[in-house]
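Spelled out from the first residue to the last, the chains are:
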Amino acid sequence: MRKWMTGILAASLLSLSLTACGGGQQGGDQQKQEGANPPAAGNVRTIRAGIGLNDQHPQFKGLEKFKEIVERDTNGSIVVENYHSGQLGDDRAMMEALQLGTQEMTCPSTAPIANFVPGFSVFDIPFLFPNEEVADQVLLKDPVGQELLDMLPEQGMVGLAYWENGFRDLTNNKHEVKTVADFKDLKIRTMENKLHLAAFRALGANPTPMAFSELFTAMQQGTVNGQENPIATIYLQKYNEVQKYLSLTHHVYSPFVLLLSKKFWDESTPEEQEIMKKAAQEAGDYERKLVREANGEYVDDLKAAGMTVTEITEADRAEMKKVTDAVLPQFVDTIGKDIVDKVTTAVENASK
Ligand code: TK8
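Since the model is a prediction, treat every value here as computed from it, not as a measurement.

Caption draft 1: How the structure looks around the site of the ligand. Around the ligand, the neighbouring residues are Gly52, Leu53, Asp91, Ser109, Asn165, Arg168, Arg189, Met191, Phe212 and Asn229. A distance of 3.5 Å separates an oxygen atom of the ligand from a polar backbone atom of Gly52. In the model, an oxygen atom of the ligand is placed 3.0 Å from a nitrogen or oxygen of the Asp91 side chain. Protein chains shield 98% of the accessible area of the ligand, which is 300 Å² for the free molecule. Here the shell around the ligand is built from residues that sort into 3 nonpolar, 4 polar and 3 charged.

If you want it as structure tokens, here you go:
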């Protein structure tokens, strides 16, 4: 509740201060953009987009691309203000603000979205996607990707497009993690997601759900001794400063979903809706490309920064999968058997 209030408060203070600095819709650095057309006379509406990651992450660059396209193509009738590093709150608070219509946009991983639309937890199944190509095929081409997005409006949100967080890897401060046996004394922060908690418990770790914004301090102070996130996050959030060991587990592929409040969507013209949808996809393609480059590049940088990087053998990965598969039956009803079947079939077809 407290965090929820902080998010709302932060958002309204921000809009207050922007108005207070006198420029209205055209004032303030937030709206300044080179080469933009002047805003159309009359009704200019603002999308405040917030994320938990910092402004170095490809996700923020994707939001900047979205801003550029939307402001250009709506001729300035919609302006976009981007906020990073949890300035507008954490994932849960921002989604709640979208439902209330006090914030317009955010881009969480599907794992926290599952607290609103349980079907999204299908992507929390460990070791579901063997590679990025299969993920693309299921999320972007198979009808089940859209079917899941279609469940969002009922929760006051519109899913404009899938973006990519990526395959998650494990870091910790205790010792190298190679096999299932090594998870034993790890106190791992997980996202606020029941399936992730159950999977790490099954692996023998002691997982704690926590908002992303609290993670760095929690590692620094030793409240947790491990966490898991894609390489780009580990590097760009400087987790190497508080974590020694990196295991390339690739245990879960996290999609992002670019979410818009349904309120803002409903107040938009069909033309504006079309522009936002297309911009979300185009910016998503750009973001995915940057994430993949980053994930490749930064492993060496993390090594150079002193981390011990451990590859996981296929046999050990299969062993981990066996352990985590055992927790799945208890989640099938919540996710929906139909969704689980459609996604696993799509994965099988794409893997052929
Ligand atoms: C940032 C989160 C983050 C996610 C997590 O707000 O919480 O670990 O992977 O990227 O969405």
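More follows now that the structure is in view.
Caption draft 2: View of the sheet that holds strand 10 (residues 253-261). The sheet built from 5 strands is open, its strands ordered 2-1-3-10-4 with mixed pairing. Among the strands making up the open sheet, the edge pair consists of strand 2 (78-83) and strand 4 (157-167). Relative to strand 10, strand 4 is paired through 9 bridges, and the arrangement is antiparallel. Each bridged residue has a counterpart across the sheet, and for Val158 the counterpart in strand 10 is Leu260.

Caption draft 3: Main features of the environment of Thr106. Along the chain, Thr106 falls in strand 3 (residues 105-106). By relative accessible area, which is 2% here, Thr106 ends up buried. Along the chain, Thr106 and Val257 lie 151 residues apart, while their C-alpha atoms are 8.3 Å from each other. If sequence neighbours within four positions are ignored, Thr106 has contacts with Gly50, Met94, Met95, Leu98, Val257, Leu258 and Leu259.

Caption draft 4: Main features of unusual backbone geometry. Here the phi dihedral of Phe127 falls at roughly 60 degrees; this positive angle occurs in a residue that is not glycine. Residue Phe127 is classed as buried on the basis of its relative accessible area, which comes to 13%. One non-glycine residue, His250, lies in positive phi territory at about 45 degrees. Relative to the helices and strands, His250 is located in the loop between strand 9 (245-248) and strand 10.

Caption draft 5: The pairing of strand 9, seen in detail. The two faces of strand 9 match: Tyr245 and Ser247 on one face and Leu246 and Leu248 on the other face are all buried. The pairing of strand 5 (residues 169-172) with strand 9 spans 3 bridges and is classified as antiparallel. The residue bridging Leu170 from the neighbouring strand is Ser247, located in strand 9. In terms of strand pairing, strand 9 meets strand 11 (residues 308-311) through 4 bridges, oriented parallel. Across the sheet, residue Ser247 finds its bridge partner in strand 11, namely Thr310.

Caption draft 6: Seen up close, helix 11 (residues 270-304). Helix length check: helix 11 (35 residues) gives 50 Å between terminal C-alpha atoms against 51 Å at 1.5 Å per residue, within 8%. The largest bend in helix 11 is about 35 degrees, located at Tyr298. Of the residues trailing helix 11, Gly306 is marked for its positive phi of about 105 degrees.

Definitions and cut-offs
- Going along each chain's sequence as written, the residues are numbered from 1 onward.
- It should be noted that, the model being predicted, local features are given only for residues of pLDDT at least 70 and side-chain atom pairs only at 80 or more, the latter also being counted only at that level, while totals for whole chains, interfaces and linings use all residues.
- To get the side-chain values, take all heavy atoms of the structure and skip hydrogens and water.
- Being near a molecule or strand, for a residue, comes down to having at least one heavy atom within 4 Å of it.
- In the analysis that follows, any N or O atom pair within 3.5 Å is treated as a polar contact, provided that within protein one partner can donate a hydrogen and the other can accept it, and provided that, for residues neighboring in sequence, both atoms belong to side chains.
- Using a 1.4 Å probe, accessible areas were evaluated by the Shrake-Rupley method; residue-level cover was limited to the displayed protein chains.
- Gly falls in the polar group here, along with every residue not listed as nonpolar (Ala, Val, Leu, Ile, Met, Phe, Trp, Tyr, Cys, Pro) or charged (Asp, Glu, Lys, Arg).
- Two strands pair if DSSP finds at least two bridges between them.
- By definition, any uninterrupted DSSP run of H or I lasting at least four residues is a helix, any uninterrupted run of E lasting at least two residues is a strand, and each is numbered from the N terminus.
- Burial here depends on accessible area, computed with a 1.4 Å probe over protein chains only, as a share of the maximum for the residue type. Under 20% is buried, over 50% is exposed, and the range in between is partly exposed.
- Residues count as neighbours in contact if any of their non-hydrogen atoms are within 4.5 Å of one another.
- For a helix, the expected span equals 1.5 Å multiplied by the number of residues minus one.
- The angle between axes fitted to the seven-residue stretch ending at a residue and the seven-residue stretch beginning at it gives the bend at that residue.

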